[in-house]
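Topology and contacts: notes
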Amino acid sequence: MSSDEKPAAPRSLAEALRARDDASLAALLRSRPDLITPVPTDLTQLATRAGTRASVVRALERLDRFAQQTAQALAVAGDPATYGELLGLMASDARDPVVAAALPRALGTLREQALVWGGDDRLRLVRTARELLAPSPQHPSPTGLGPTVREATAGMSPGRIQEIVATTGLPSTHDSVSAVASLTDLFTDRERMSALLAGLPADSLEVLERLVWGPPYGQVTPDPAPRLRRLLDRGLLLPTAPGTVVLPREAALHLRAGRAHRAPEPVPPAVAAAATHAPQVVDATAAGQAYTALATVEELLRDWDEGGPNVLRAGGLSVRDLKRTAVALDVPEPVAAFWVELAYAAGLLASDGEADERYAATPAYDEWLERPAAERWAHLAAAWLAATRTAGLTGGRDAKDRTLSALGPGLDRSAAPEVRHRVLTLLAGLPLGAAPAGESVLARLRWEHPPREPRQEDDLRGRLARWTLSEAELLGVTGRGALSAHGRALLGAYAPAPAEAEPAPGTRPAGKGGHGPAARATAATDAAGAAPASPGDKLPVHKHHRPEGTPGTPEPQSLPTPVSPLSPITPVVLASAAEQAAAARVLAPLLPEPLDHVLLQADLTAVAPGPLRRPLAETLGVLADVESKGGATVYRFTPASVRRALDAGRTASDLHAFLTAHSRTPVPQPLAYLIDDVARRHGHLRVGAASAYLRCDDDALLNEILADKRSAALRLRRLAPTVLAAQADPAALLEGLRAMGYAPAAESAAGDVLITRAHSHRTPPRTAPEPVPEGPPAPDTTLLSAAIRAIRAGDLASTAPRKPTAATREDGELPRTGPAETLATMQAAVLTGEALWIGYVNAEGAASQRVIAPIRVEGGFVTAYDHTADEVRTYPLHRVTGVAELADDQP
């Protein structure tokens, strides 16, 4: 073939794939990873696998709306279709310039994913896709078109077809096939069809207008009205079943001016900004919520420190325990479910695996607590971004109508990480400080990944997007609805502003606290461009938010990753370790510094004006009860809280020294009196195990307890002037006396006071739950390179021409040769240097075909250069099932 000759048009999808270079094959395998699991033996098998129903359905579902519309148009076009025919179906007779400009990209996407093959003069949609998308009574097409004239008249009598031909003014024909072809030509001829419709009255045209955009089917009575009879006589309505008629596809396309879709969507809808805030305000708000997120997770796991709720038999957290957790965290139940699932996804929470199985913190939680606050937040955010578990499903029903519980089975949704990443990427495309209108984000996602049903607006991906917006706000990835600087860093879209001049002495650097250019991020440019700000609903703000202000080669070395700004199918690489570290660095200056002091007040309260250092917070949490949370935490001292500190082994002098050292205000006298009074009475009564006993040196006090009616439930009786026995266990006796207002202390068998310091309960080492992937994982470059090399080599072995021999089978399969003939052919090839085509069965019994160049034959083995594996290998001769010489024109 000379250089001026064009290559022959491919006759099949396999031939079309064979003409691709390695980069194009890599793009196909990357966008459809199911085709590489396992690696096909050759390109014919790859084409066969690409045409299977499951693979085609998956590929079609991941197309954007315009690419889907293009595939749907090809399904109603001729087979094959020309590019001009497809352009007419998409852009109408008026040739919409926007649609015409976007069509090459959509067609290129279909070609890249092997859903369409052939040149522009012979475009072919793969057969399975055509069967899925072509109109049928059982599966209407999204185009709203019906069957063609030929399909609709398939069961019609020849006489009736001839009557329609005569009524329309066409010459009669000798058979039904030519009559149907003549009628089809009429309906596809714009001028003649316009003349035919011009002769119809308005009421008949009104019927056509109701059917033109679908559904194309209608009901008629046995005696149709005149307006319907005129349409039936001219073939503009064709019967498909008794009482049912349909508008033929050709007639509908004429009425639509040639357009297959009522509203083509060639351009994705822009994400509109609902409000715009100063970047400093966004970052400060997000940082405040990030700190609240850390405090909430710590409070949750601290509450479960000695062992959390029991695990349900079916797995998960009971409704009652979720309500208790919500009350403890002072949040709604759905928000409590989010925090519980976040801790679980981050590997900080798990079940302990004991016989009486409970939830508890993992050893990783203790390690997490020792890390800086910014790093702890980055760990939580990265876990949220990658998790497939979806807290928003909690409380719903599964396919078997069972309630979905937090931490239970059935909450994994494979699409969640992709949707979260895509939503945040869209937010990153807006100007700094711009908060999106929620509906515009949903509209964009519906264009990029349309729901299966055209009218299914509240699909799973839509709900995932809504949950992403609210969860990102809770977690502090966004602030006031806008993506924060540390949120951009988590996506790898953060770029620090140029360094500024050093500030003058005595002034505060602008970058500190996240209010200067160094704490801002540059937005990634969105494909559709940023829309101007417009009013809209603001995203809900969590109640703990801070106030405002705060080329192809046989062995490719590297294969490029195609990046399309409009294609959401590019594999998502979630936050890497470097991106987590970058997010932590950006967030760190925005977080408040922990304090080492509180403000004691005369009303037995202490105010922490900010976050406290861990030792101070832990000790104060034992000595006092948290009364209110927020920007400043209020602690209240009560007799019970002071007794709790004394029970933990502290003395009155320890408590006085602790408060004096950590209070910026003098210790109020009422608080000092409270500590001394509780300490004086603490341990005056001693409780031990008899089943339980109570002893006290003050017999008058024991008399008082016996006389108290509230002690009746303890069933006390005197054993000695200073000893009472109880029919209750020591723990119940302690609680009962404390409820009566006394301050008893437990003692050991030796008479020593027992210190009741809480012991942390931890699970055995646990790993965070693995995300459930959506289909096969995307292959990396190394796997793609090896797979393409194997496919190319296998294709060479299966398509290499062979010399005809007496043993060659007519179907082209490898001949079976005996051991003697195989050995002789191998030895001859060693002398001549020719390549051979062999069949080989390995030790596992897997058969394959290979092209080899024998180097030597000895000891029952052949050593040869294997073109299939591209290396020298040695094969046992007894595993060679057949051998044939290649044609002379093969290398």
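Right above here is the structure, for reference.
Residues numbered from 1 in each chain as written. Predicted model: local features only at pLDDT ≥ 70, side-chain atom pairs only at ≥ 80, totals over all residues. Heavy atoms only, no water.

1. Describing the sheet that holds strand 24 (residues 871–876)
Reading across from one edge, 24-23-22-21-25 is the order of the five strands in this open sheet, with antiparallel pairing throughout. Since the sheet does not close on itself, it has two edges, and those belong to strand 24 and strand 25 (880–885), each with one partner. Taken over all neighbouring pairs, the strand axes of this sheet differ in orientation by 45° on average, direction set aside. The pairing of strand 21 (residues 836–841) with strand 25 spans five bridges and is antiparallel. Residue Gly839 lies in a different strand from strand 25, and its bridge partner there is Gly882. (Pairing = 2+ DSSP bridges. Helix = DSSP H or I, 4+ residues; strand = E, 2+ residues; numbered from the N terminus. Axes fitted to C-alpha atoms, helices over the stretch in contact; angles between N-to-C directions.)

2. Examining unusual backbone geometry
Put simply, Thr37 and Pro38 share a cis peptide bond, and its omega is -5°. Structurally, the position occupied by Pro38 is in the loop between helix 2 (22–31) and helix 3 (43–50). Gly214 connects to Pro215 through a cis peptide bond whose omega is -5°. Locating Pro215 in the fold gives a position in the loop between helix 13 (202–211) and strand 3 (217–219). Even without being glycine, Ser92 reaches a positive phi, approximately 65°. Inspection of the secondary structure puts Ser92 in the loop between helix 6 (83–91) and helix 7 (97–112). A positive phi angle is found at Ala114, which is not glycine, with a value near 60°. Among the structural elements, Ala114 can be located in the loop between helix 7 and strand 1 (116–117). On the basis of relative accessible area, Ala114 is assigned to the buried category, the value being 1%. (Buried < 20%, exposed > 50% of the residue type's maximum accessible area, 1.4 Å probe, protein only.)

3. Regarding the packing of aromatic side chains
Summed over all chains, the structure comprises three aromatic pairs. Centroid distance Tyr840 to Tyr875: 4.8 Å. Interplanar angle 65°. Geometry classified as edge-to-face. One end of the pair, Tyr840, is in strand 21; the other, Tyr875, is in strand 24, and 35 residues separate them in sequence. Over the ring of Trp368 we find Arg376, and its NZ or CZ is 5.3 Å from the ring centre. (Phe/Tyr/Trp six-rings, centres within 6.5 Å; stacked < 30°, edge-to-face > 60°. Lys NZ or Arg CZ within 6 Å of the ring centre and 35° of its normal.)

4. A word on the pattern of salt bridges
By the definition in use, this model includes 34 salt bridges. One salt bridge connects Asp93 with Arg190, and the closest N-O pair in it is separated by 2.9 Å. Here Asp93 is found in the loop between helix 6 and helix 7, whereas its partner Arg190 is found in helix 12 (residues 190–198), with 97 residues between them in sequence. Judged by relative accessible area, which is 32%, Arg190 ranks as partly exposed. Among the salt bridges present, the one from Arg210 reaches Glu206, with a minimum N-O distance of 3.7 Å. (Salt bridge = Lys/Arg side-chain N within 4 Å of Asp/Glu carboxyl O.)

5. A closer look at the pairing of strand 18 (residues 716–720)
Bridge count between strand 18 and strand 19 (residues 723–726): four bridges; the pairing is antiparallel. Of the residues in strand 19, the one forming a bridge with Arg717 is Ala725. Linking strand 18 back to strand 19 in an antiparallel pair, the connection comprises two residues.

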